[in-house]
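Summary of the model geometry
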Amino acid sequence: MSLFGNTINSLERSLDYASLKNQTISNNIANVDTPNYKSKSVVFQQVLDEKINNQFSAKRTHPKHIPFSSSAEQNTFQIVSNNSTTYNNNGNNVDIDKEMTELAKNQIYYQSLVDRLNGKFTSLQSVIKGGR
Amino acid sequence: MSIFHSINTSASALTAQRLRMDTVSSNLANAETTRATINENGEYEPYRRKMVVFESKDNSFNSFLQKARVGSSSQGSGVRVKEIAEDDEPFKLVYNPNHPDANEEGYVQLPNVDPLKEMVDLMSATRSYEANVTALNATKSMLLKALEIGK
């Protein structure tokens, strides 16, 4: 049994996601006046693919059998460009209102993740001290 | 991936928008300048309106390589000024025979600066600048929050 369990790993990955998302949003806002720039977003591409590809669930009857789903832990999110729309005359499709709301949302999301992470550490500390 | 990547991205945009504002100021300041450059005939030419052309910084080889390898684009690294272009619009002709730069018919060539256009450009630059300051502050507060992990 691991001391930290799965919670901290999930929180860590979520923090990675939020941080990458912040970079992407900053870049979109930076390029709001750049001709022919297409906005980018962070998506859970691989998670989505797994959901689509693994619609059958199979039970392994022997532990040496090859697992049906390959759960690659790294890089579950990808950055994709949205090339399908154009808002501006100069080919740019950054929607500044959307970017600013995403920015605010992402900030709160990040802070709540950090709060939760700290809460986890506090409870671990409380356990280590025997509740004293 | 550096922790200050987002801040650098926003900073590049702040620099670019500031340059845009500077260009607008220059255009407005020179709205009446009839002697800006000397052309090939050795005569004075009025001031030509200048425009800033932006370019995304991630048009680099690296970003295309990553896109080809992983199928995902890079998170981008901001914006840069590609060039300061000049407006090719013809100069305004104003009848003023007493002007020292008037031609034989009495017309003076004035710069092709339209103050209305400049003000719109200035407002657009200001708004973009503000948006980038907000993004910068958001990044800053996130980084400071990250320092609180485990405290």
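Residues numbered from 1 in each chain as written. Chains lettered and ligands numbered in written order. Predicted model: local features only at pLDDT ≥ 70, side-chain atom pairs only at ≥ 80, totals over all residues. Heavy atoms only, no water.

1. A short note on the overall build of chain A
Secondary structure summary: chain A contains three helices and two strands in total. Listed N to C, the secondary structure of chain A is α-β-α-β-α in terms of helices and strands. Across the 132 residues in chain A, those meeting the buried criterion constitute 33%. Within chain A, contacts between residues at least 6 apart in sequence are counted, and of these 78% link residues at least 24 apart. For chain A, the accessible area works out to roughly 8,600 Å², and carbon and sulfur atoms hold 53% of it. (Helix = DSSP H or I, 4+ residues; strand = E, 2+ residues; numbered from the N terminus. Buried < 20%, exposed > 50% of the residue type's maximum accessible area, 1.4 Å probe, protein only. Contact = heavy atoms within 4.5 Å. Areas by Shrake-Rupley, 256 points an atom, 1.4 Å probe, with all protein chains shown as cover.)

2. Examining the overall build of chain B
Secondary structure assignment for chain B yields three helices and six strands. For 151 residues, the compact-globule formula gives about 15 Å, and the C-alpha radius of gyration of chain B, at 22 Å, lies well above that figure. C-alpha extents for chain B along the principal axes are approximately 80 × 35 × 20 Å. Counting across all 151 residues of chain B, residues that qualify as buried make up 34%. Of all intrachain contacts in chain B linking residues separated by at least 6 positions in sequence, the fraction that spans at least 24 positions is 66%. Of the accessible surface of chain B, which amounts to about 9,100 Å², a share of 54% is contributed by carbon and sulfur atoms. One finds the centroid of the 17 positive side-chain charges in chain B at a distance of 15 Å from the centroid of its 20 negative side-chain charges. (Rg over C-alpha atoms; globule rule 2.2 N^0.38 Å. Lys, Arg positive; Asp, Glu negative; His and termini not counted. Charge placed at Lys NZ, Arg CZ, Asp CG, Glu CD.)

3. Notes on unusual backbone geometry
Residue and element names in this part refer to chain A. With a phi close to 65 degrees, Asn-36 is a non-glycine residue in the positive phi region. Mapping Asn-36 onto the fold places it in the loop between helix 1 (7-30) and strand 1 (40-43). Looking at Asn-36, the relative accessible area reads 60%, which means it is exposed.

4. A short note on the interface of chain A and chain B
Many authors give the size of an interface as the accessible area that is lost as the parts come together. Taken residue by residue, the interface counts 34 residues in chain A and 38 residues in chain B. Summing both partners gives a buried area of about 2,700 Å² for chain A against chain B, and 56% of it is carried by carbon and sulfur. Inspection of the region where chain A meets chain B yields two salt bridges. With a closest N to O distance of 2.8 Å, Asp-33 of chain A and Arg-20 of chain B form a salt bridge. Here chain A and chain B share 11 residue pairs in polar contact (both at pLDDT 80 or more) between them. (Buried area = accessible area lost by both parts, 1.4 Å probe. Salt bridge = Lys/Arg side-chain N within 4 Å of Asp/Glu carboxyl O. Polar contact = N/O pair within 3.5 Å; in protein donor to acceptor, adjacent residues only side chain to side chain.)

5. Considering the side chain of His-5 of chain B
With respect to the element layout, His-5 of chain B can be found in helix 1 (residues 5-29). Contacts of His-5 of chain B, omitting those with residues within four sequence positions, involve Gln-23 of chain A together with Gln-75, Gly-76 and Ser-77 of chain B.

6. What to know about the packing of helix 1 of chain A against helix 1 of chain B
Two numbers describe a pair of packed helices, the interaxial angle and the distance between the axes. Here helix 1 of chain A crosses helix 1 of chain B at 5 degrees, and the two axes come no closer than 9 Å. Considering their axes alone, helix 1 of chain A and helix 1 of chain B lie roughly parallel with respect to each other. For the pair helix 1 of chain A and helix 1 of chain B, contact is made by Asn-22, Gln-23, Ser-26, Asn-27 and Ala-30 of chain A and by His-5, Ser-6, Thr-9, Ser-10 and Ala-13 of chain B, respectively. Of the residues that constitute the contact of helix 1 of chain A with helix 1 of chain B, the class distribution is two nonpolar, eight polar and no charged. (Axes fitted to C-alpha atoms, helices over the stretch in contact; angles between N-to-C directions. Parallel < 35°, antiparallel > 145°, perpendicular 65-115°, else oblique. Nonpolar A, V, L, I, M, F, W, Y, C, P; charged D, E, K, R; others polar.)

7. Focus: helix 1 of chain A
Every α-helix winds through 3.6 residues per turn, so residues three or four apart in the chain are directed the same way. If you check helix 1 of chain A, its first and last C-alpha atoms are 34 Å apart, about what 24 residues at 1.5 Å a residue would give, namely 34 Å. Counting buried positions along helix 1 of chain A yields 17 of 24 residues, so the element is predominantly enclosed. (Expected span 1.5 Å × (residues − 1).)

8. Digging into the packing of aromatic side chains
All names here are of chain A. A full pass over the atoms with the stated rule returns two aromatic pairs over all chains. With centroids separated by 6.4 Å and ring planes inclined at 80 degrees, the aromatic side chains of Tyr-17 and Tyr-109 adopt a geometry described as edge-to-face. Pair noted here: Tyr-17 is in helix 1 and Tyr-109 is in helix 3 (residues 96-128), with a separation of 92 residues, a long-range link. The class of Tyr-109 is partly exposed, set by a relative accessible area of 33%. (Phe/Tyr/Trp six-rings, centres within 6.5 Å; stacked < 30°, edge-to-face > 60°.)

9. With respect to the pattern of salt bridges
All names here are of chain B. Under the counting rule described, the total for this entry stands at 13 salt bridges over all chains. Residues Arg-49 and Glu-118 are paired through a salt bridge, measuring 2.6 Å at the closest nitrogen-oxygen approach. Of this pair, Arg-49 sits in the loop between strand 2 (44-45) and strand 3 (50-56) while Glu-118 is found in helix 3 (residues 115-146), placing the two residues 69 residues apart along the sequence. Across the pair, Glu-118 and Arg-49 agree in class, each one buried. A salt bridge links Arg-127 to Glu-130; the nearest nitrogen and oxygen atoms lie 3.9 Å apart.

10. Some words on a nonpolar patch on the surface
A surface patch of nonpolar side chains, about 340 Å² in accessible area, is lined by Leu-93, Tyr-95 and Tyr-107 of chain B. Mapped onto the fold, Tyr-107 of chain B is located in strand 6 (residues 107-110). (Patch = residues over 30% accessible without salt bridge, like charges linked within 9 Å, V, L, I, M, F, W, Y side chains within 5 Å.)

Everything listed here is a matter of coordinates, which is why it stays silent on function.
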